[in-house]
Amino acid sequence: MTVNTQPVAERPDPRAYGLPVVEQDQIPDELRSLVDGVRNLVDAVSNTEADSATLAEADAAVRALNDRLNAARREVGTMVRRTMGDGTDEFGTITNVVAGTTNPAAPPLDLEHVEGGVQGTVTLNTTYQGPPGLVHGGWIAALLDQAVGSASAVETSPGMTAKLEVNYRQPTPLFTPLEISARVRSTERRKVYVTGQIRAHGQVTAEAEALMIRIPMDEG
Ligand SMILES: CCCCCCCCCC(=O)SCCNC(=O)CCNC(=O)[C@H](O)C(C)(C)COP(=O)(O)OP(=O)(O)OC[C@H]1O[C@@H](n2cnc3c(N)ncnc32)[C@H](O)[C@@H]1OP(=O)(O)O
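Quick notes on the rules
- Residue positions within a chain follow its written sequence, with the count starting from 1.
- Thresholds applied to this predicted model are a pLDDT of at least 70 for local features of residues and 80 or more for the giving and counting of side-chain atom pairs; totals over whole chains, interfaces and linings are not thresholded and use all residues.
- UniProt positions are given in the numbering used here, feature names are shortened, and annotations may be inferred rather than shown by experiment.
- In these notes, a nonpolar core means any group of buried Ala, Val, Leu, Ile, Met, Phe, Trp, Tyr and Cys residues linked to one another through C-beta atoms within 7 Å.
- Counting other C-beta atoms within 10 Å of its own, a residue is labelled buried from 20 upward, exposed at 12 or fewer, and partly exposed in the gap between, with every C-beta atom placed from the backbone.
- Helix numbers and strand numbers start at the N terminus; a helix is a DSSP run of H or I with at least 4 residues, a strand a run of E with at least 2.
- The contact rule is simple: place each C-beta atom from the backbone, and if two of them lie within 7 Å, those residues are in contact.
- Only when DSSP finds a minimum of two bridges between them are two strands counted as paired.
- Near residues are defined by distance alone, with the backbone-placed C-beta atom required to lie within 6 Å of the molecule or strand.
- Each residue is assigned to one of three groups, with Ala, Val, Leu, Ile, Met, Phe, Trp, Tyr, Cys and Pro labelled nonpolar, Asp, Glu, Lys and Arg labelled charged, and all others, Gly among them, labelled polar.

If you check an unreviewed UniProt entry, the chain appears there as Acyl-coenzyme A thioesterase THEM4 from Nocardiopsis coralli. The Sequence similarities (unreviewed entry) field of the UniProt record for the chain holds the comment "Belongs to the THEM4/THEM5 thioesterase family."

Another point: the nonpolar core. One finds Leu144, Ala147, Val148, Ala151, Ile180 and Val194 to be the most contacted residues of the largest nonpolar core, which totals 29 residues. Counting residues per element, the ones that place at least two in this core are strand S5 (117-122), helix H3 (137-155), strand S7 (178-188), strand S8 (191-200) and strand S9 (203-214). Take this core: its biggest share by element is eight residues, from H3. Apart from residues no more than four positions distant in its own chain, Leu144 is found in contact with Leu164, Val166, Gly196, Ile198, Ala206 and Ala208.

Sheet topology places strand S6 (residues 159-168) next to S9; nine bridges connect them, and they run antiparallel. Counted as the bridge partner of Leu164 is Ala210 from S9. As defined by bridge partners, S8 adjoins S9 across 10 bridges and the pair is classed as antiparallel. In the strand pairing of S9, Ile198 is matched with Ala206. In textbook terms, the turn of a hairpin is the stretch between consecutive antiparallel strands, and for S8 and S9 this stretch comprises two residues, one of which, His201, has a positive phi near 50°.

In the region of the ligand, 18 residues are neighbours, and Gly149, Ala153, Pro158, Met160 and Ala162 sit closest. Those elements that provide at least two residues to the shell around the ligand are strand S3 (89-93), H3, S6 and S9. Tallied by class, residues from the shell around the ligand come to seven nonpolar, five polar and six charged.

Before going further, it helps to spend a moment on the pairing of strand S2 (residues 79-83). Pairing between strand S1 (residues 21-23) and S2: three bridges, direction parallel. Paired with Val22 across the bridge in S2 is Val80. Bridging between S2 and S3 involves five bridges; their strand directions are antiparallel. For Val80, the partnering residue across the bridge sits in S3 and is Gly92. In this antiparallel pair of consecutive strands, S2 and S3, the connection spans five residues, and Gly87 shows a positive phi of 95°.

See the structure below:
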């Protein structure tokens, strides 16, 4: 296996590409709490059987909140820098739909750097439902895409997914802690070959093989 790891200092800084960067630990607690509340709101709205009067009241309250929050919006492409438990830095888009810190549509997934890649745990509610009681296949692919991308970024340098093959081995259940992991297997110039798995109750429910292409940088 060839793995050409690079020191963090040589990874590209999004500011060099004109993208704003927010430090993860400077995101206000009130925003984190709001994100969590809206995540629960989406689940509540998806499943509610409330009466019409309650629905009309909730609708008006949500529309008023939208107006207030939209008065001050971030720039599209805003990045967040977070430091993982082992001190590794990672940049990601702040509204990333799978792991964005400020995106209530994103499940509460934190991937940590481990030897050779990343791992994390997430429990999904009905927002992510496909078949009854089960995770939607598109979301399974999205979780694996994020994991292989993150593994490639922290083990080598950030890139784009060029190929992602998902093998759905078992149904993936809702309301169950899912272990998500990905490992870099080999690299060849800008190509990074990565595998990923999702496990429920210790059993693999889905696995992926991916090819990431690293963003070109001056590497001599
Ligand atoms: C940072 C924090 C963590 C973030 C995690 C984020 C996870 C989410 C990741 C995504 O979802 S990314 C979004 C989905 N992916 C895309 O939209 C990618 C769309 N495709 C592209 O933008 C370009 O095709 C791509 C950047 C993948 C490659 O274009 P390049 O012009 O940079 O590549 P180039 O043509 O120079 O080829 C470089 C090498 O890669 C190979 N290659 C490129 N595309 C390939 C492909 N599709 N399949 C197989 N091989 C491919 C190519 O043959 C060559 O191999 P060699 O080094 O052997 O010559």
